[in-house]
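Reading the structure
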There are 2 protein chains.
Amino acid sequence: MDQLDRKIIAALRVNGRATYADLGRSVGLSASSVHERVGKLEAAGVITGYHATVDPSTVGLGVTALVGIHPTDTATDEDVAAALGELAEVESCYAVAGDEAFVVKVRVPTVDELEHTLGRLRRIPGVGRTNTTVVLSTRFESRPNNAGLDEEPAPGA
Amino acid sequence: MDQLDRKIIAALRVNGRATYADLGRSVGLSASSVHERVGKLEAAGVITGYHATVDPSTVGLGVTALVGIHPTDTATDEDVAAALGELAEVESCYAVAGDEAFVVKVRVPTVDELEHTLGRLRRIPGVGRTNTTVVLSTRFESRPNNAGLDEEPAPGA
DNA sequence: CGTGAAATTTTAACTTT
DNA sequence: AAAGTTAAAATTTCACG
């Protein structure tokens, strides 16, 4: 991974549909060289995918909440995480340090649906108390974070 | 927005680099029809962008944390949000209900850097106490959530 | 890493339903 | 209006130097 790879990655984070020709013009390489580099970055697991971003409110997902999940000792974290993954409303799932085992981000159409989703969460074996924080507005989200692309990767990455 | 639009959106959430020809084959339309629909979805603000997803650990961002931010009355929420947006390490920013004004997700190379970032956060006018939850592992993140695409949008979306 | 070339896709104009 | 057809321009993708 050299500086050119980092530039290509940064460009693809901003515009995941940029053509190889575009990228080549941005970084000063031929389209075929960019193509080859991107293929290697994908194969190496650096670039894990490309995804369209959708305004949630336009597709009927107007309510976002962050839910802390306290564990019970009736199931392993792995089983709980797998069960959380079964719920379509759970968009992200983090295992965390502290009193809670997980923090998840859920996205649902209405607060009514949020209530139902919380009920489903609490019915998962290994899930104890939940602590829900309702999101009032998303100021920004999943922003391209190039902090790691400006310098060399930290040792042991 | 009809069922075909929803299928196109779902496909682009999974693979944001799918060609219009691919999408056409998936949904049973010609490439040019898909092209026209996608253009309208972009213009309508339904599709807001396309982004490559990168494995953070491969670019030297091995530490993730969720930070709750308690407000003081020395700045408006808008000013605090703007200041948070200036920090490259802050990837997402949610204004939330409850004791905290914001919850942000930060991504940094090391715990040392996390300490520095928390210092920068606390130095922002309007930011009081912070409450940091370190992420031990990301089970899944920003998953395509098609819950809203299966049915019609909630009224008032 | 670049060049060149064939296959594919993009994109707009036009036609059809 | 919405979808299909056509065709020219651009891009993708691969072999080779």
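Bear in mind that the values here come from a model prediction, so they are computed numbers and not experimental data.

Further remarks concern the relation of the copies chain A and chain B. Overlaying chain A with chain B gives an RMSD of 0.0 Å, the required rotation being 180° about an axis along which the chain moves by 0.0 Å. As the rotation angle and translation indicate, the two copies are arranged about a two-fold axis. An overlap of 99% is found between the interface residues of chain A and their copies at the interface of chain B, pointing to a shared contact surface.

A separate point is the interface of chain A and chain B. The interface is formed by 69 residues belonging to chain A together with 68 residues belonging to chain B. Buried area between chain A and chain B, both sides added, is near 5,900 Å², and the carbon and sulfur share of it is 55%. Among the residues of chain A in contact with chain B, A:R17, A:Y94 and A:R139 are the three that bury the most area, contributing 13% of the side total. The partner of B:E78 in a salt bridge is A:R139, and the shortest N-O contact between them spans 3.5 Å. Put simply, chain A and chain B have 49 residue pairs in polar contact (both at pLDDT 80 or more) between them. Looking at the side of chain A that touches chain B, the elements with two or more residues in it are α1 (3–14), β1 (47–54), α4 (77–86), β3 (90–96), β4 (102–108) and β5 (127–140) of chain A. Tallied by class, residues from the side of chain A that touches chain B come to 36 nonpolar, 20 polar and 13 charged.

By nearness alone, every residue bordering DNA strand D is listed as A:T19, A:Y20, A:A21, A:R25, A:S32, A:H35, B:L29, B:S30, B:S32, B:S33, B:R37 and B:K40. Backbone atoms, meaning sugar and phosphate, form 73% of the atoms of DNA strand D found within 4 Å of the protein. Contact distances for DNA strand D include 3.3 Å between a phosphate oxygen and a side-chain N or O atom of B:K40. Contributions of two or more residues to the surface near DNA strand D are made by α2 (20–27) and α3 (31–43) of chain A together with α3 (31–43) of chain B. Sort the elements by how many residues they give to the surface near DNA strand D and α3(B) lands first, with four residues. Tallied by class, the residues present in the surface near DNA strand D amount to three nonpolar, six polar and three charged.

This brings us to the confidence of the model for chain A. In low-pLDDT segments, the atomic positions of the prediction should not be examined closely. Summarising the model, chain A shows a mean pLDDT of 94, and 94% of its residues fall at 70 or more. Contacts for the low-pLDDT stretch residues 153–157 of chain A, under 50 throughout, to residues beyond four places or in other chains number seven contacts.

Inspection of the region around DNA strand C gives A:L29, A:S30, A:S32, A:S33, A:E36, A:R37, B:T19, B:Y20, B:A21, B:R25, B:S32 and B:H35 as its neighbouring residues. Measuring from a phosphate oxygen of DNA strand C, one finds a side-chain N or O atom of A:S33 at 2.5 Å. Side-chain polar atom of B:R25 to a phosphate oxygen of DNA strand C: 3.4 Å apart, as the coordinates give it. Elements with a minimum of two residues in the surface near DNA strand C: α3 of chain A together with α2 (20–27) and α3 of chain B. Here the surface near DNA strand C is composed, by residue class, of three nonpolar, six polar and three charged.

Here we take up the pairing of strand β2 (residues 63–71) of chain A. Residue and element names in this part refer to chain A. For β2, the tally of buried residues reaches eight of nine residues, placing the bulk of the element in the interior. Two elements, β2 and β4, share seven bridges in a ladder whose sense is antiparallel. Pairing of I69 across the sheet is with F102, part of β4. Pairing analysis gives six bridges linking β2 to β5, with the strands arranged antiparallel. Across the sheet, V67 pairs through a bridge with T132, a residue of β5.

Reading guide: rules and limits
Residues numbered from 1 in each chain as written. Chains lettered and ligands numbered in written order. Predicted model: local features only at pLDDT ≥ 70, side-chain atom pairs only at ≥ 80, totals over all residues. Heavy atoms only, no water. Least-squares fit on C-alpha atoms with pLDDT ≥ 70 in both. Contact = heavy atoms within 4.5 Å. Buried area = accessible area lost by both parts, 1.4 Å probe. Salt bridge = Lys/Arg side-chain N within 4 Å of Asp/Glu carboxyl O. Polar contact = N/O pair within 3.5 Å; in protein donor to acceptor, adjacent residues only side chain to side chain. Helix = DSSP H or I, 4+ residues; strand = E, 2+ residues; numbered from the N terminus. Nonpolar A, V, L, I, M, F, W, Y, C, P; charged D, E, K, R; others polar. Near = heavy atom within 4 Å. pLDDT = per-residue confidence, 0-100. Buried < 20%, exposed > 50% of the residue type's maximum accessible area, 1.4 Å probe, protein only. Pairing = 2+ DSSP bridges.

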